[in-house]
Every structure is written in structure tokens, then in C-alpha cells.
Amino acid sequence: MYERSRTVVRCAVGQTEEFNVEVGLHQGSALSPFLFAIVMDQLSEEVRQESPWTMMFADDIVICSESREQVEENLERWRFALERRGMKVSRSKTEYMCVNEREGSGTVRLQGEEVKKVQEFKYLGSTVQSNGECAKEVKKRVQAGWNGWRKVSGVLCDRKISARIKGKVYRTVVRPAMLYGLETVSLRKRPVSELKMLSTNFIPDRSRPGLTTTAIGTVDLQGAGGNWATVGRRSRGGGRVHRQREKRKGKSVGLRIGTLNGGTMRGKGRELADMMERRKVDILCVQETRWKGSKARSIGAGFKLFYYGVDSKRNGVGVVLKEEFVRNVLEVKRVSDRVMSLKLEIEGVMLNVVSGYAPQVGCELEEKERFWSELDEVMESIPMGERVVIGADFNGHVGEGNTGDEEVMGKFGVKERNLEGQMVVDFAKRMDMGVVNTYFQKREEHRVTYKSGGRRTPVDYILCRRGNLKEISDCKVVVRESVARQHRMVVCRMTLMVCKTKRSKIEIEKKTKWWKLKKEECCEEFRQKLR
């Protein structure tokens, strides 16, 4: 099945040449587990017994016997069968445990060497102790799962609950519990006052028009200690009123906006498009493209890159858009090879995306001041009513903590602030914007955007107006991507609230009275004004 198989290795600089695969199973191939199971089944055919006396999971084997002599005999049979086919039993990882051990039971030996004895045994996530009981953490998991299952079973057996609700409970609770374990069922005690407003993940309110409260929980009602299941009641007006309320609220458009310093765009177009498609990124600001010219180019998978650069060896910025947003572009401003902006209209909402690339720490002060002045001009040209998202490589560290700068940044930065980072904070204060990266508590691995040698720092940031921070629900650094050598992509999740408003009579365009041109006087007046 693997005959004449060839493969390549993908790394940061591209792909290697093809080479033959001659040894071992292919990693990531759907065929490999099947072939492994066939081989292991054949190797263990003569010594394998029925479960639970012998259990196998990949290359881990559990042997159960009623006496020490039987354990040694079975262990020796397995060792002989495997070594005869070129395999070995790991003596350092082999261990045994006696359940309800009696005095003088002796020890277990493998080829004269004593096997390590343990007081608890863990296999596939389950821990069993030598006294025959489960570990405390396992007891808690089992008890929590069983309590949750009891509450859910009360809902499934209640005749007053409709079959539609029971079906949703089955799909969201019972089926995941059977597939992934009862730990997926998590229900907490709530007082009666909270239960009336409680909405669980099992039955979301918005899935059924008119259903205002849907709760499954345990309530101790005046010490009665009973299990109560509250299922929602219909609101006044039924589904029609509910639909009208939702229509007045308008709808929301979810966007994933990111920024990345790619180092260069030469030969990376398709790889960048694949990454955006894989990570579901709609808009991406890119820096250091190193492409000369001011054009728009398709990079594959429906993504289009609007870029600007004056030198093919340095700088260059751009914005990559998903196919469905390309038609919404209203204006593209290419200020310099370090700053450009792009205006979109999404469901009536004006969104301005700015891509920037600040000079490095060692550059001259004049070049840095020119960059910030260009960025200020772009921001001042955008009306206050329009949304703005800036994705840029500022080459600065805003630092950890926000003492004195609470209005423009959060406290989840990294390391100390430097001069370039202070410029970023001053710009945010000047334009009334917030540094989105610092508002979300993440592990340091998901906050560091630049890694080179021993340096691990955040230099790429996403900024938006302070009034629109409530529309940002998450922001983090994407790891394990090889498009850029040193930089990582930062992605934020933004939700644009689109409110439908009626047009006033003043906004309605007046009807053009073309028939008046039939009169000679009006026709002559029209010609003069047209000229």
C-alpha cells in the first residue's frame, strides 16, 4: 500500500525536494492506524486473550490475572512472542499492582529481574488504586457526571416537555456525554430567583421564537431538597412579537481581522491565502511586502491583496480581503510604503482598515516622525462616525500594566515599555483609540508576536476606537504557523451591529421632472447650467 510513496517537508523558506518514504508508517495518514492495528493484531494473535484479561491500546498492554504466577507466565509469553518478531518489552515502563493484596504474595519478576510495584494504576485516563477503589479526582468526576445525568434524565422522561425540546437536549447533552464522557454535563445550583432568568447551553432561547426562559438546574426549595426542571414559557404576543423585536434590533456581522509582518510576499501569496482560509480570517493587514507598485492582485482561494511599495527590497504595506468583501471596497488611500488605508461598506456600516509599518528602533528620528505624521493625517481624514481598525507592526513595546493609561490600554502586556511603545500609547491617546491586544488575558505564548533567538516580544498591535471596543470579543496571537519566519499573526474577533433605520422624508430623492425639457425655455436654461 505504501509502495513508491514520495513526500516533501514544508518549512519557513518553502518546500524541500521530493524524496522516497521507505521506513515506518506515514504520520497523519488515515491509512496508518488501520495498518498498525492489522500488524499488532497479527503479532499478538497467539498470546492475546479475551477482555478484560488482556487489553491493548496501540503499543500499551494490560495483563490481568488472579495470581502472581499467572501474571509472570502471561508476561513471559508476551515477551517471547514479541521478541521473536524483533520487538521488545520495556522493562523501565513495565509495572504491576496487587488489588486487595494478602501477606506473603511475593513479587513479580521478568527474566529474573523484579518488576516495579505501584499503589495505583492509570490506563487511558482512568486511575485504579490498590485497595480496589477509584482515585478521589476520578470519584468527583464520576459523581459530577452522574448528578448531571440524573437531572437530564428527568427532563427526557417528563411528559409535559415537548418532543422538540427533548430532541435538543439529546443532541446537546446525551450524545456528547456518550461520545466524550459525562464531564461534558455541567449543571450548578441556583436560587429560584436566578433560575427564572437562567439560560443553559443545552437549549438556547433564540432557537425557538417566543421562548423566553429555558433552564435545567437543581433548586433546594425551602429545604425540600427536590430536583426541579424549569422549561420556558411563551412571552406575550407569541412568535410574531418576538420576530418584530428582533427585526428592530437589526442584525450583526462577524469579522475576523488580523495583522502580520510577513517579511516578504515573494512566493508566499498562496501560502498566506491558505492560512487565512484555515484560520477563517476575513481581513488581514500585512507589512514588509517588498512588492513594488500600487496594485491589487489575487493571491488564490478567493483572497485579494491591495498593496503599495516603492522599493522591492524593503518596506511595503497591504491589506488582504476575502472574496465577499472585495466588492465592498469604496476607497483605497496609498499614502506611503509604510501607511495605507482602505474603506469598506459592510451592510451600511463604514469600516476603515489601516495597515502600518513603523520604522525599527535603530532608524533615524526624522523617519519615525514622518511615519507618525502620515498616520495622524489618515486618522484625521476619517469621519468620527465611521469605524476604524489599525493593524500595524509598530516595532515597540507598550509594556505590562496600564497605570496612568487605563483609558487606552489594558493591563495584559508583556515586559517593559520602551520609547517606541510610548509613541504608540501617545498616538492612542491623541486619537482616542484602544490597544486591543492588551485587553484580553492570555497565556504569554498567545501575546508574543515576535520571536527571534532569545527575544520574545509583542511588536504587532491592533487598535480601534474606544467607543467600538465593546464590539471586540477576543484577540490573540496565532501560533504554529510557518508563513512568517519571526513574526506571528494577531487576530481579533469583531461584531458589527447593523441597525436598520427608516429613511426620513428629507433623505428621499426628489423625482426628476424630465417632461419639462419639452418647453424651449426650460431646455435652454438646462443647457446653460450644464455648460
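Residues numbered from 1 in each chain as written. Predicted model: local features only at pLDDT ≥ 70, side-chain atom pairs only at ≥ 80, totals over all residues. Heavy atoms only, no water.

Chemist: Help me out: how do you make sense of the sheet that holds strand 29 (residues 489-498) in this one?
Modeler: In spatial order, the strands read 17-18-19-16-15-29-28; together these seven strands make up an open sheet with mixed pairing. One side of each edge strand has no neighbouring strand; the edge strands of this open sheet are strand 17 (293-300) and strand 28 (472-478). Here the strands of the sheet are splayed against their neighbours by 20 degrees on average, with no regard to which way each runs. Here strand 15 (residues 251-261) pairs with strand 29 via nine bridges, running antiparallel. Each residue of the ladder has a partner; that of Leu255, found in strand 29, is Met494. Where helix 7 (residues 269-279) meets the sheet, its contacts fall on strand 15, strand 16 (283-287), strand 17, strand 18 (303-309), strand 19 (317-321), strand 28 and strand 29, and the angle it forms with strand 17 comes to roughly 60 degrees. (Pairing = 2+ DSSP bridges. Helix = DSSP H or I, 4+ residues; strand = E, 2+ residues; numbered from the N terminus. Axes fitted to C-alpha atoms, helices over the stretch in contact; angles between N-to-C directions. Contact = heavy atoms within 4.5 Å.)

Chemist: Quick question: what am I supposed to make of the pairing of strand 20 (residues 329-334) here?
Modeler: Two faces, one strand: in a regular strand the side chains alternate between the faces of the sheet. Alignment of strand 20 against strand 21 (residues 339-346), held across five bridges, turns out to be antiparallel. Across the sheet, residue Arg334 finds its bridge partner in strand 21, namely Met340. The turn linking strand 20 back onto strand 21 is made up of four residues.

Chemist: So what exactly am I meant to see when it comes to empty space enclosed by the protein here?
Modeler: Empty space among the atoms becomes apparent when a probe as large as a water molecule is rolled across them. A complete count under the given rule lists five cavities of 30 Å³ or more for this structure. Taken as a whole, the largest cavity holds about 110 Å³ of empty space. Residue lining of the largest cavity: 17 residues in total, with Phe412, Asn437, Thr438, Arg447 and Pro458 positioned closest to the centre. Top contributing element to the lining of the largest cavity by residue count: strand 28, with three residues. Approximately 50 Å³ is the volume found for the second largest cavity. Along the walls of the second largest cavity sit Leu260, Gly262, Thr264, Met265, Lys268, Leu272, Val286, Gln287 and Val483, which together make up its complete lining. (1 Å grid on protein atoms, 1.4 Å probe; cavity = no way out; pocket = protein on both sides within 12 Å on 5 of 7 lines; lining within 4 Å. Points joined across faces, edges and corners; volume = space filled by probe spheres on them.)

Chemist: What is the right way to read unusual backbone geometry from this model?
Modeler: One non-glycine residue, Arg290, adopts positive backbone phi at about 60 degrees. Topologically, Arg290 is positioned in the loop between strand 16 and strand 17. Positioned with a positive phi, Ala301 is a non-glycine residue whose angle comes to about 60 degrees. Tracing the sequence through the fold places Ala301 in the loop between strand 17 and strand 18.

Chemist: Sorry if this is basic, but what is going on with the packing of aromatic side chains here?
Modeler: Across all of its chains, the model carries six aromatic pairs by this definition. Between Phe371 and Phe394, the ring centres sit 6.5 Å apart and the planes meet at 70 degrees, which makes this aromatic pair edge-to-face. Taken together, the residues span a long stretch of sequence, with Phe371 in helix 9 (residues 365-380) and Phe394 in the loop between strand 23 (387-393) and helix 10 (419-430) at a distance of 23 residues. Each member of the pair, Phe371 as well as Phe394, is classed as buried. Aromatic side chains Phe394 and Tyr461 sit 6.4 Å apart centroid to centroid with 35 degrees between the ring planes, which places their arrangement in the tilted category. Taken as a pair, Phe394 in the loop between strand 23 and helix 10 and Tyr461 in strand 27 (residues 460-465) lie far apart in primary sequence, 67 residues in all. Exposure class is identical for Phe394 and Tyr461. Each is buried. (Phe/Tyr/Trp six-rings, centres within 6.5 Å; stacked < 30°, edge-to-face > 60°. Buried < 20%, exposed > 50% of the residue type's maximum accessible area, 1.4 Å probe, protein only.)

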